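What the coordinates show
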Amino acid sequence: MATPSEIDRQVKFEREAIRLGLDKLHKNTKDLEGKQYASASVYGCASINALLPNLVKRIEETRGRISKGAAGKGFKEIHEYLEPIDVRAAAAIALKLTFDKVFGQTDDCNLLVNVADSIGTSIEQEAQMQYYEREYPGLLNTIKKNYWHNTTGTQQKFVIVRTMMNRYDDVLAWNAWSRPIRVKLGTWLLDCICETSGWFMPHIVRERNKTNTYIIATPDFAAIKDDIISKAELFSPIAYPMLIEPNDWTNERQGGYLLNEVMKGHDLIRRGIVGRIQGEIPIQFLNKIQKVAFKLNPFIVGVADHLMDKGISVGKFIPVVDIPLPPKPADIADNKESRKDYRRRAAEVMNKNAASFKRSCRTRMTMQAVDLFRNEKQFFNPWNLDYRGRAYPIPSFLTPQDTDFGKSLLRFADESFMTPEAEEWLAFQVATTYGLDKSPIQARLEWANHHHDLISQIVTDPIGCLSEWEAADEPWQFLAACEEYYHCVIECDRQFTGLMVATDATCSGLQILAGLAKDKSTASLVNVTPSDKPQDAYKVIAEAAMPNVPESIRPHMDRKVTKRTVMTIPYNAKPYSNRSYIREALKEKGVEISKDDLTATVKAVRDAMNDVVPGPMSVMTWIEAEVAKAIKRGEEEIEWVTPSGFIVVQRLMKKLTETVKLHLMGRIEIRVATEDGDKVDLMHHKNATAPNLIHSLDASLLHLATIRFDAPIALIHDSVLCRATDMTSLSTIVRETYMHLFAEHDFLLDFARQIGAETEPPIIGDLRPENVLASTYFFC
């Protein structure tokens, strides 16, 4: 129970997080305006998305009149130059440049002629890029592939393409537009924006001996901008862990942060239906995991501090590497070639520094959080649930669902006295994080036991032995495990352990579907039934598919090629995504695959899954069919209650969107609908129900298991983490919970009844779920 002084400190901490969030929001907005990127601000993004559909309609109407000659002589040139550009692309470019210039902070950036010229110039550059793609697609693709990854900004990308294209004699030069044409085109688009929105207007200013016209925001838009910023402020507080236990959640009261009841920034259910009453067990589960106290691992923090100072990257830990600009040559003022060469070299360095700063964002923010909590004896993570029942920590940093580096920073604050059994689980964690996660348990324990010298060297000199531990599969968690194992097992100078030891489900989707279908053959492949070593469904499916893949692919067909496809098909991954997974896996082996061979390989893998895991595949097919029938009967949402009492409401309505592909500005999504869609998205329901059912059941399994577990615990969807002294107990509870879910009754029949299924579900019925109790590798 927190004392009044501790509560007061937490309230002050949350208020400070609110202040920091507000400062960050306003600073980012000001910085974007200063760099003439107001289109990327909170108000810019929201306003552009809202106005884009109407502007597209306005341009199309006028362009239609132009094409018929009914818009007047003055529009003839506009039509000629605008015709090759997609209307949606022109609208997106015009809106972006208008916001960037009107709200820019540099002198005269919102001068009418400058705004219009900027719009016209960007339209011409997009037209020029489309010309290159149309006439020289292969060359353009090569230039992008070889040069774009080292550039920052659309202007630099364009200059590189134009420069490289001009070097080829067989490329026809682009017929550049004159400035009057660009200004005329930009002015017309700007006029469309002003008429459509009422957000911008010309402002005439008499300055000395001349009159200038500026584009400014109208009072109406100023009010809209303030309203958007005010709403954004509600969600701007930085989400850090708490210094005391979070408030309990109830169906009637906001939990988590102490000020959440006032701010209402976080809901019990993410993307849920407001006011929906949830079951007692999911809320009890949520409140229990919120009470687990963590603390920072001082060893990992020390190593991270050193590598941060030295600018050394390891895995997901990426500090900023600031390369100094090259020295200016002595003759830079007088020698044009020398000046040109310096600018090129300086631009390369600045691009590398910008890319480094961007890549290091996560690491920098994590280390800022470390600085806040490095002297705290304990802290807590508030959690909430998504609409399937899965638990997520609300903070963005220092949570069990962080990156490899982020997780390595955490220890359970409530440590336990070491036992001989705990020594084995620490050895398990060392070997598993090193990369032996597919090896038998005994092999992992033996690996740790045979590598005491390596572990000792790494712990006593982590910087000197950097090459030894950075090669591990999960280098930071491996380093943390080595440190705990060294002190608790090798040196025995530490009697208590707080390391988070993790065990993961083996292909969770197939485990759940095997239980639903009572499919023994599938269950045996994903370690639901006992075996003396971990079973490998990916390998079995690769072998089953091999006779039907093209002959050139057979020598390379192994578990790595099929893994991502097999993992994601239970979540309704379609052949298109299967293609990319298999192509990438083969590419890592140095194998390029043709389009036809890839099609044949994907078909072979999917056919093999129908043969090897028939229960899951038939369940998914049945779910799709029955959901389609329910929607066609007039149902607007699909609802079911999980075994833990969590109510899943799947409401998926059609959103009318179009995506515009711009060469220089990327992809722009246009939301055509002006209000929430009123039509049920049949295809989305068909594709989403099986994955959401799986997610809701693996969440339900953890709800029920956690309620029974009386020690610190952390969760990552289908992975459980606890102290080494408690993992045997937790493993038993997880297995017993799976047995209860699928042995005591057929949940698939319950699901069928709840969604009003018209046919019986396909239950094979030869699995005895109680066998999971003897399965060593169910979670491992």
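Because the structure is predicted, anything quoted here is derived from the model rather than measured.

Moving on to the overall build of the chain. The number of helices and strands found in the chain is 30 helices and 17 strands. Whereas a compact globule of 780 residues would reach a radius of gyration of roughly 28 Å, the chain reaches 30 Å, a difference of no more than 12%. Viewed in the frame of its principal axes, the chain has a C-alpha envelope of about 90 × 65 × 65 Å. Across the 780 residues of the chain, 51% fall into the buried class. By sequence separation, contacts in the chain at least 24 residues apart represent 73% of the contacts at least 6 residues apart. When the accessible surface of the chain is split by element, carbon and sulfur atoms take 51% of a total near 37,000 Å².

So, on to the sheet that holds strand 3 (residues 269-270). Here we have three strands laid out as an open sheet, ordered 3-6-7, and mixed in their pairing. Two strands bound the open sheet, and with one partner strand each, they are strand 3 and strand 7 (391-393). Relative to strand 7, strand 6 (residues 383-386) runs antiparallel, the two being bridged by three bridges. Across the sheet, residue Asn-384 finds its bridge partner in strand 7, namely Tyr-392.

Here we come to the pairing of strand 4 (residues 293-296). One ladder, built from two bridges, connects strand 4 with strand 5 (residues 379-380); its direction is antiparallel. Counted as the bridge partner of Ala-293 is Phe-380 from strand 5.

This part covers empty space enclosed by the protein. Picture a little ball the size of a water molecule; that probe, rolled over the atoms, points out where space is still empty. Taken as a whole, this structure holds three cavities of 30 Å³ or more when the rule is applied. Approximately 70 Å³ is the volume found for the largest cavity. Ala-505, Ser-508, Gln-511, Ile-512, Asp-698, Leu-701, Leu-702, His-717, Asp-718, Phe-778 and Phe-779 together form the lining of the largest cavity.

Taken as a whole, this structure holds 39 salt bridges when the rule is applied. Between Asp-117 and Arg-182 there is a salt bridge, with its nearest N and O atoms 3.1 Å apart. You can see Asp-117 sitting in helix 5 (residues 112-135) and its partner Arg-182 sitting in helix 8 (residues 179-197), a full 65 residues away along the chain. In this structure, Asp-117 and Arg-182 share a single accessibility class: buried.

Here we take up the packing of helix 25 (residues 575-588) against helix 26 (residues 595-612). When two helices pack together, you describe them by how their axes are tilted relative to each other and by the distance separating the axes. With their axes 10 Å apart at the nearest point, helix 25 and helix 26 run at an angle of 110° to one another. As the angle between them shows, helix 25 and helix 26 are arranged roughly perpendicular. Judged by residue contacts, Pro-575, Asn-578, Arg-579, Ile-582 and Arg-583 of helix 25 engage Lys-595, Leu-598, Thr-599, Thr-601, Val-602, Val-605 and Arg-606 from helix 26. For the contact of helix 25 with helix 26, the residue count by class is five nonpolar, three polar and four charged.

What follows deals with the sheet that holds strand 8 (residues 410-412). Here three strands make up an open sheet; going across it, the order is 5-4-8 and the pairing antiparallel. With partners counted over all chains shown, the strands left at the sheet margins are strand 5 and strand 8, one partner each.

Our focus in this paragraph is the environment of Tyr-37. Along the chain, Tyr-37 falls in the loop between helix 1 (4-34) and helix 2 (42-67). Sequence separation of Tyr-37 and Glu-124 is 87 residues, and the distance between their C-alpha atoms is 20 Å.

This paragraph deals with the nonpolar core. Counting residues in hydrophobic clusters, the biggest one holds 166 residues, and the most contacted among them are Leu-398, Leu-426, Trp-469, Trp-476, Leu-516 and Phe-751. When sequence neighbours within four positions are dropped, the list of residues in contact with Phe-751 reads Trp-622, Ile-623, Trp-640, Thr-689 and Leu-693. Within the second largest apolar cluster, 42 residues are counted, among which are Ala-38, Phe-99, Trp-188 and Ile-193.

Before going further, it helps to examine the side chain of Asp-519. Along the chain, the position of Asp-519 falls in the loop between helix 21 (508-517) and helix 22 (520-525). Buried charge Asp-519 goes without a salt bridge, the closest partner of opposite sign being Lys-520 at 9.8 Å. At a separation of 2.9 Å, a polar atom in the side chain of Asp-519 contacts the main-chain amide nitrogen of Gly-615.

Positive phi outside glycine occurs at Leu-398, with the angle close to 60°. With respect to the helices, strands and loops of the structure, Leu-398 is situated in the loop between strand 7 and helix 15 (404-408). You can call Leu-398 buried: its relative accessible area is 0%.

Cut-off values and rules
- Residues numbered from 1 in each chain as written.
- Predicted model: local features only at pLDDT ≥ 70, side-chain atom pairs only at ≥ 80, totals over all residues.
- Heavy atoms only, no water.
- Helix = DSSP H or I, 4+ residues; strand = E, 2+ residues; numbered from the N terminus.
- Rg over C-alpha atoms; globule rule 2.2 N^0.38 Å.
- Buried < 20%, exposed > 50% of the residue type's maximum accessible area, 1.4 Å probe, protein only.
- Contact = heavy atoms within 4.5 Å.
- Areas by Shrake-Rupley, 256 points an atom, 1.4 Å probe, with all protein chains shown as cover.
- Pairing = 2+ DSSP bridges.
- 1 Å grid on protein atoms, 1.4 Å probe; cavity = no way out; pocket = protein on both sides within 12 Å on 5 of 7 lines; lining within 4 Å.
- Points joined across faces, edges and corners; volume = space filled by probe spheres on them.
- Salt bridge = Lys/Arg side-chain N within 4 Å of Asp/Glu carboxyl O.
- Axes fitted to C-alpha atoms, helices over the stretch in contact; angles between N-to-C directions.
- Parallel < 35°, antiparallel > 145°, perpendicular 65-115°, else oblique.
- Nonpolar A, V, L, I, M, F, W, Y, C, P; charged D, E, K, R; others polar.
- Core = buried A, V, L, I, M, F, W, Y, C linked by side-chain atoms within 4.5 Å.
- Lys, Arg positive; Asp, Glu negative; His and termini not counted.
- Polar contact = N/O pair within 3.5 Å; in protein donor to acceptor, adjacent residues only side chain to side chain.

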